[in-house]
Amino acid sequence: MEQKIKELLLQHTKELFNSDISDASIQFQSTRKDVKGDLTLVVFPFAKVLQTSPQLAGEKIGAFVADRCEELESFEVINGFLNFTFSPAYWFNMLHSINENETFGRAVEHSKPMIMVEYSSPNTNKPLHLGHLRNIFLGFSLSEILKAAGHEVIKTQVINDRGIHICKSMLAWEKFSPINSKGERETPSNTGLKGDKLVGKYYVEFDKQFNAEAKQIIAQWETDDFDGTSTAVVDLYKKFQVALLGKDEKAQQAIHDKIKDLSKNETTLLREAKDMLVKWEARDPQTYLLWTTMNNWVYAGFDLTYQTMGVDFDKLYYESETYLLGKDIIVEGLRSGVFFKKEDGSVWIDLTAEGLDEKIVLRSDGTAVYITQDIGTAIDRFSDYPSLSGMVYTVGNEQDYHFKVLFLILEKLGYAWAKNCFHLSYGMVDLPSGKMKSREGTVVDADDLMQEVVDKATEITKERGHLDGMSEQFRNRLYQQIGLGGLKYYLLKVDPKKRMLFNPEESVDLSGNTGPFLQYAHARICSLLKKEDSGAELVLVPFTLQHEEKELIKCLSSYPSIISEAASNYSPALLANYLYELVKQYGHFYQTIPILIEPNRDVKSGRLLLSYNVAKVIKSGLSLLGIEAPEKM
RNA sequence: GACUUCGUAGUUCAACGGAUAGAAUAGAAGUUUCCUAAACUUUUGAUCCAGGUUCGAUUCCUGGCGAGGUCACCA
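Residues numbered from 1 in each chain as written. Chains lettered and ligands numbered in written order. Predicted model: local features only at pLDDT ≥ 70, side-chain atom pairs only at ≥ 80, totals over all residues. Heavy atoms only, no water.

A. Inspection of helix H5 (residues 88-100) at higher detail. The end-to-end C-alpha distance of H5, which contains 13 residues, comes to 18 Å, matching closely the 18 Å that a straight helix rising 1.5 Å per residue would cover. Looking at H5, one finds that the buried residues are Tyr90, Trp91, Phe92, Met94, Leu95, Ile98 and Asn99. Structurally, H5 contributes buried residues whose contacts are with strand S4 (81-86), helix H22 (547-557) and helix H25 (601-624). (Helix = DSSP H or I, 4+ residues; strand = E, 2+ residues; numbered from the N terminus. Expected span 1.5 Å × (residues − 1). Buried < 20%, exposed > 50% of the residue type's maximum accessible area, 1.4 Å probe, protein only. Contact = heavy atoms within 4.5 Å.)

B. Summary view of the side chain of glutamate 549. Mapped onto the secondary structure, glutamate 549 falls in helix H22. With a relative accessible area of 0%, glutamate 549 lands in the buried category. Polar side-chain contacts of glutamate 549 include one of 2.6 Å to the side chain of arginine 607. Residues in contact with glutamate 549, not counting those within four places in the same chain, are Phe543, Thr544, Phe589, Ile593, Arg607 and Leu610. (Polar contact = N/O pair within 3.5 Å; in protein donor to acceptor, adjacent residues only side chain to side chain.)

C. Broad picture of a negative patch on the surface. On the surface, Asp448, Glu452, Asp455, Glu459 and Glu463 cluster together into a negatively charged patch. Topologically, glutamate 463 is positioned in helix H18 (residues 446-464). For glutamate 463, a relative accessible area of 63% translates into the label exposed. (Patch = residues over 30% accessible without salt bridge, like charges linked within 9 Å, V, L, I, M, F, W, Y side chains within 5 Å. Areas by Shrake-Rupley, 256 points an atom, 1.4 Å probe, with all protein chains shown as cover. Salt bridge = Lys/Arg side-chain N within 4 Å of Asp/Glu carboxyl O. Lys, Arg positive; Asp, Glu negative; His and termini not counted. Charge placed at Lys NZ, Arg CZ, Asp CG, Glu CD.)

D. Examining unusual backbone geometry more closely. Although it is not a glycine, histidine 110 adopts a positive phi angle of roughly 60°. Along the chain, histidine 110 falls in the loop between H5 and strand S5 (112-118). Taking relative accessible area as the criterion, histidine 110 reaches 48% and is therefore assigned partly exposed. Not every positive phi belongs to a glycine, and histidine 466 is a case in point at roughly 65°. Looking at the element boundaries, histidine 466 is found in the loop between H18 and helix H19 (472-492).

Structure (structure tokens):
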């Protein structure tokens with residue numbers, strides 16, 4: 001309808017305005033609740049063109065549209081806003097067409113270009129935490145939304161399975177894992193620990209031992225004992241000690257930090273880890289076997305977590321397989337002059353003309369840095385999927401600069417698709433106690449958190465009853481659906497770009513603007529339809545629409561445009577807020593309009609069908625958020 | 001310090017440059033012989049400060065104050 005009026009105005013721009021008007025000057029918005037009308041046109045731009053008051057301009061446009069648009073029942077101009085009211089028949093037909101369309105809201109499959117969405121991309125040393133949850137739910141939901149908007153979507157992650165940090169946990173496991181009576185070291189199967197948790201434990205253990213050793217070294221240095229320390233390090237240490245004298249506290253702290261770093265490099269543990277990395281790069285069989293074994297433990301652990309989350313991936317990329325790819329590109333770019341080499345052999349790109357800095361792309365020893373492999377991975381992906389048109393990286397906003405540089409480099413290398421790469425930069429998740437810090441043990445573990453919300457849902461659902469006749473299996477599934485639904489909704493309803501506060505208490509709330517509130521509305525409608533299940537098919541016969549019914553239909557009718565808006569803004573939050581709005585609208589309808597006790601059969605089945613379609617959209621919308629909609633709760 | 005993001009009820013979140021800034025929660029008051037009260041209905045309460053652009057500014061620009069992030073031959 002909006003489209004129709006817009007076209008009408010554009011086609012008759014000459015006779016109406018006596019001059020050209022731009023597409024952008026036609027601004028529609030939904031009519032305020034307290035004003036009569038279904039759609040509002042902002043008149044101010046036209047008042048200017050017509051050089052009259054907004055009131056007169058509005059009257060003129062309104063009359064013009066009314067003459068040519070039979071769906072229009074009336075119009076009214078208030079304060080420079082032209083409010084159109086559509087006929088009851090228009091709204092009834094709207095309901096009819098929504099009802100006919102089982103996949104209402106979804107665009108034709110594969111009608112839009114293929115997009116790859118990257119999310120999760122964890123470090124194999126650290127179990128998934130709250131920050132990952134936001135990342136993963138966001139990425140998954142966005143993928144679903146893009147699909148619904150007509151795109152073909154490839155969900156992917158790149159697994160950070162290479163580097164010195166991996167060697168740290170491998171080394172710690174070899175050195176510090178206790179040996180049981182059968183002569184085995186700790187494994188997931190003999191400890192019952194999840195693989196990612198076990199490996200994470202040894203990563204922490206490494207850090208602990210490593211810091212202790214560094215401390216010892218400093219203590220040794222302080223007694224003027226430099227046994228086994230190279231003269232270069234001793235000189236540096238002495239220099240720092242001198243620098244400590246007569247400085248303010250802040251400067252002293254900085255120097256102490258430098259000394260700490262110095263001592264860390266002197267630890268045998270770090271040396272051994274570095275040796276291990278060299279062995280790994282040389283494909284030493286024993287090291288490689290350990291690496292494979294431990295990584296597989298982690299993957300099994302992650303898989304379990306992903307399963308609980310209800311997310312999946314279409315294609316995985318491993319850094320260990322892609323880290324070499326970028327290097328060839330750099331060499332090529334060096335030849336074509338995109339990059340330049342410094343005296344020490346390191347390779348850089350100069351982005352000062354773009355307002356950024358110089359950025360290193362290859363170390364002086366020829367090894368790859370972070371961005372090198374990102375360049376390689378991106379190019380690799382486009383060759384894996386020749387019809388791929390763009391990519392979305394779901395990565396935290398602390399990497400804004402990195403992606404700015406990455407996309408710029410890809411563009412300079414001449415890849416046309418670089419401009420279709422988008423960094424879905426999301427804000428950090430804070431706790432009421434402040435930032436999450438692994439050092440201080442304030443990290444919220446993903447598995448623990450999910451268990452917690454499910455437990456809470458279990459407790460409250462049991463309290464309420466309503467579970468008669470449900471099997472144990474059904475109940476457990478229901479608790480999962482409610483708990484996780486609440487958690488997902490809690491994390492998704494906030495604009496991704498913004499940093500958000502995670503309040504553990506609120507995240508398990510079941511009332512208000514929450515996931516279970518939406519699920520509840522769905523369950524209620526299902527129960528309503530079940531009660532009426534008389535065997536006879538419900539038919540939609542024209543009936544007089546009440547105000548609440550019209551408002552509901554209006555709300556339903558905007559679902560498709562919400563999906564495309566959420567897709568083009570990369571924001572599941574828009575969809576979440578829409579669903580909440582719809583459910584509130586339905587709650588009001590449900591409370592004021594009788595349904596099952598309505599005596600008129602046509603009106604009754606009309607209301608049931610309206611309810612059915614609301615449930616349909618709730619279920620569909622929730623599924624795009626990765627949330628399930630139970631039929632009973 | 002440079003660059004960058006942000007600042008809205010007590011709290012957590014909304015608001016293509018549009019009408020009287022919406023919700024939730026917390027607080028106060030109500031609704032059940034009737035379709036699931038995880039609901040519904042009332043009600044108290046906010047745009048960091050100072051300028052500017054505009055018919056119109058929470059939104060855009062400038063300055064200030066405050067909070068985060070980035071400035072590694074780490075990833």
